[in-house]
Amino acid sequence: MPATELTVQSAGTVAGKTLLLPVGLPGPTYAHLQDWLTEKRKTKAAVKDISQQVLVKGIKQWAVFEEQRAGATVRTVFKIT
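As a starting point, this report considers the structure included with it. (Residues numbered from 1 in each chain as written. Predicted model: local features only at pLDDT ≥ 70, side-chain atom pairs only at ≥ 80, totals over all residues. Heavy atoms only, no water.)

### Digging into the sheet that holds strand β3 (residues 17-22)
Then comes step 1: Strand order in this open sheet of three strands is β2-β3-β6, and the pairing throughout is mixed. One side of each edge strand has no neighbouring strand; the edge strands of this open sheet are β2 (8-14) and β6 (54-56). Adjacent strand axes in the sheet meet at a mean angle of 30 degrees, parallel and antiparallel pairs treated alike.
Then comes step 2: Taken together, the five bridges between β2 and β3 define a ladder with antiparallel strand orientation. Bridge assignment links Thr13 to a residue of β3, and that residue is Thr18. (Pairing = 2+ DSSP bridges. Helix = DSSP H or I, 4+ residues; strand = E, 2+ residues; numbered from the N terminus. Axes fitted to C-alpha atoms, helices over the stretch in contact; angles between N-to-C directions.)

### Considerations on the sheet that holds strand β4 (residues 29-30)
Then comes step 1: Read across the open sheet, the five strands follow the order β4-β1-β8-β7-β5; overall the sheet is antiparallel. Of all the strands in the sheet, the pair left with one neighbour each is β4 and β5 (47-49).
Then comes step 2: Of the pairings in the sheet, the one linking strand β1 (residues 3-6) to strand β8 (residues 72-80) comprises four bridges and is antiparallel in character. The residue of β8 that forms the bridge with Leu6 is Val77.

Now the structure itself:
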């Protein structure tokens, strides 16, 4: 299943979950989400799946990963098609 990286903006919380709104143009598309995860594992980056803790407006299937980069928390959101 192809996965397209999205740029999102936080819009508060709904039912205890963080609401994310897609903004801007879509990023790179991977043939499968596992391709992105494999790249992260090769660089030894620790990523955590937080898909159950967020909602993405207007997207039916998504995956969200969180990692620490240079002292900041970075969320990477994918639209699964």
